[in-house]
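# What the coordinates show
Here is what each chain is made of, one letter per residue.
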Amino acid sequence: MSSVDEPVDPARRLPDAARTRSDILDAATREFARAGYDGARVEEIAARTRTTKRMIYYYFGGKKQLFAAVLERAYGALHEVEELLDLEHLDPAAAVRRLAEVTFDHHERHPDLVRLVGIENIHGGGHLATARRSGRIDSPGLDTLRRVLDAGREQGVFKADVDAVDLHAMISAFCFYRVAGRHTFGALFDRDLAAPARREHYRTMLADMVLAYLTR
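Residues numbered from 1 in each chain as written. Predicted model: local features only at pLDDT ≥ 70, side-chain atom pairs only at ≥ 80, totals over all residues. Heavy atoms only, no water.

## Re the overall build of the protein chain
The condition is simple: Secondary structure follows DSSP: runs of H or I at least 4 residues long count as helices, runs of E at least 2 residues long count as strands, and numbering of each begins at the N terminus. Radius of gyration means the value over C-alpha atoms here, while the globule rule gives 2.2 Å times the residue count to the 0.38 power. Using a 1.4 Å probe on the protein chains alone, a residue whose accessible area is under 20% of its type maximum counts as buried, one over 50% counts as exposed, and one in between counts as partly exposed. We call two residues in contact when some of their heavy atoms are within 4.5 Å. Surface accessibility follows the Shrake-Rupley procedure with a 1.4 Å probe radius. Residue values consider only the protein chains on display as shielding. For the purpose of charge, His is not counted, nor are the chain termini; Lys and Arg are scored as positive and Asp and Glu as negative. For this purpose, a charge sits on NZ of Lys, CZ of Arg, CG of Asp or CD of Glu.
Assigned secondary structure in the protein chain consists of 12 helices and 0 strands. Ordered by position from the N terminus, the helices and strands of the protein chain form the series α-α-α-α-α-α-α-α-α-α-α-α. For the protein chain, whose C-alpha radius of gyration is 21 Å, the value lies well above the compact-globule estimate of 17 Å for 216 residues. Per-residue burial for the protein chain yields a buried fraction of 39% across its 216 residues. In the protein chain, 66% of the contacts between residues at least 6 apart in sequence involve partners at least 24 apart. Surface accessibility of the protein chain: about 12900 Å² in total, with carbon and sulfur atoms responsible for 52%. With 32 positive and 33 negative side-chain charges, the protein chain shows a spacing of 5 Å between the two charge centroids.

## Looking at the domain arrangement of the protein chain
What counts here: Residue ranges assigned to the domains are those given by an automatic or database domain assignment. Buried area: the accessible area, evaluated with a 1.4 Å probe, that two parts lose upon being put together, summed over both parts. Salt bridges are identified by distance alone: a Lys or Arg side-chain nitrogen within 4 Å of an Asp or Glu carboxyl oxygen. The definition of a polar contact used here is a pair of N or O atoms within 3.5 Å, where within protein one atom must be able to donate a hydrogen and the other to accept one, and adjacent residues in sequence count solely through side-chain atom pairs.
Per the domain assignment, the segments of the protein chain are domain 1 (7-61) and domain 2 (64-215). In this complex, domain 1 contributes 16 residues to the contact, which on the side of domain 2 involves 13 residues. Together, the buried faces of domain 1 and domain 2 total about 1300 Å²; carbon and sulfur atoms form 71% of this surface. Ranking the residues of domain 1 by area buried against domain 2 places Phe32, Ala33 and Tyr37 at the top, with a combined share of 44%. For the interface between domain 1 and domain 2, the tally reads 1 salt bridge. Two residues, arginine 73 and aspartate 26, come together in a salt bridge whose shortest N-O distance is 2.8 Å. For the pair domain 1 and domain 2, the interface holds 2 residue pairs in polar contact (both at pLDDT 80 or more). Sorting the residues of the side of domain 1 that touches domain 2 by element identifies helix H2 (17-39) and helix H4 (53-60) as the ones contributing at least two each.

## As for helix H5 (residues 63-83)
Put simply, the rule is: Expected span of a helix: the number of residues minus one, times 1.5 Å.
Its 21 residues give H5 an end-to-end C-alpha distance of 30 Å, which sits within 8% of 30 Å, the value for a rise of 1.5 Å per residue. Among all positions of H5, only Leu66, Phe67, Ala68, Ala69, Val70, Leu71, Glu72, Ala74, Tyr75, Leu78, His79 and Glu82 are buried.

## Topic: the nonpolar core
Soluble globular proteins: nonpolar side chains tend toward being buried together. Note the threshold: What we call a nonpolar core is a set of buried Ala, Val, Leu, Ile, Met, Phe, Trp, Tyr and Cys residues that are connected through their side-chain atoms within 4.5 Å.
Core analysis: the largest hydrophobic core is formed by 27 residues, its most contacted members being Phe32, Ile45, Ile56, Phe60 and Leu66. At the level of secondary structure, the elements contributing two or more residues to this core comprise H2, helix H3 (42-47), H4, H5, helix H7 (111-122) and helix H8 (126-133). Mapping this core onto the domain boundaries places at least three of its residues in each of domain 1 (7-61) and domain 2 (64-215). Of all hydrophobic cores here, the second largest spans 26 residues; its members include Leu87, Leu149, Ile171 and Tyr202.

## Here we look at the packing of aromatic side chains
Spelled out, the test is: Stacked, edge-to-face and tilted labels apply to pairs of Phe, Tyr and Trp rings (six-membered ring for Trp) whose centres lie within 6.5 Å, assigned for plane angles under 30 degrees, over 60, and everything in between, in that order. The rule is short: NZ of Lys or CZ of Arg within 6 Å of the ring centre and within 35 degrees of the ring normal puts a charge over the ring.
Per the counting criterion, the structure on display carries 7 aromatic pairs. When the ring centre of tyrosine 37 is taken as origin, the NZ or CZ atom of lysine 63, which lies over that ring, is 4.8 Å away.

## Concerning the layout of surface pockets
Just so we agree on the cut-off: Only protein atoms enter the 1 Å grid, on which a cavity is a set of points fitting a 1.4 Å probe that cannot get out and a pocket is an open set with protein on both sides within 12 Å along at least 5 of 7 lines, lining residues being those with an atom within 4 Å of a point. Grid points are joined across faces, edges and corners, and a volume is the space filled by probe spheres set on the points. Throughout this entry, Asp, Glu, Lys and Arg are counted as charged residues, while Ala, Val, Leu, Ile, Met, Phe, Trp, Tyr, Cys and Pro are counted as nonpolar. The remaining residues, Gly among them, count as polar.
The calculated volume of the largest pocket comes to roughly 880 Å³. Together, 32 residues line the largest pocket, and Tyr75, His79, Leu128, Ser139 and His168 are the ones closest to its centre. For the lining of the largest pocket, the secondary-structure elements that each account for two or more residues are H5, helix H6 (92-109), H7, H8, helix H9 (140-154) and helix H10 (164-180). It is H9 that provides the largest number of residues to the lining of the largest pocket, a total of 7 residues. Looking at side-chain class alone, the lining of the largest pocket contains 17 nonpolar, 9 polar and 6 charged residues.

## Thoughts on the UniProt feature "DNA-binding region" (unreviewed entry) in the protein chain
So the rule is basically this: UniProt positions are given in the numbering used here, feature names are shortened, and annotations may be inferred rather than shown by experiment.
Those residues carrying the UniProt feature "DNA-binding region" (unreviewed entry) are residues 41-60 in this numbering. Taken end to end, residues 41-60 is 70% helix and 0% strand, and its two terminal C-alpha atoms sit 14 Å from one another.

Written as structure tokens, this is what we have:
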């Protein structure tokens, strides 16, 4: 059969908008994490994809909107992980330990998220604030955490004055600094926070520390 007679897969001829957007976001994540918001170049992002600068503007509107989309996707991935934990079917102490461990794992696997959060803080958090006001991003895991803490208090396991946002900050701070501060910490103390040999030590230490705070 000649090539003329062969059926042509429409996916090979027509642009796949979802895939194109995903490819752009992948490249943009790497570029923003590498160069920061000010240093990132849309031309460089286009060069890393099978698209053009004009097409990037078509999909996202501009560099500011593209950075916002990168942040929203990064936070969305973390929130999806939190939603899948099904914490309310665990006893309160086990639920908090599980949350701490999974947050630890996610930050370790996604160092670009840590760099993007740092960049967003340098710029005052405006992109995320806009995304939150518009409903494009939220924190569903906090509602679950509040219910877990309520259950722990009702059972007499946790102390009464624990706030879910404060607990979230406590867990996130350790996970964030372990990635973001790895090199400066190593230079000052000659210890690699991300060394594979100490991974389980730090993962367990985080959960133990959080539970000690909750149950003291």
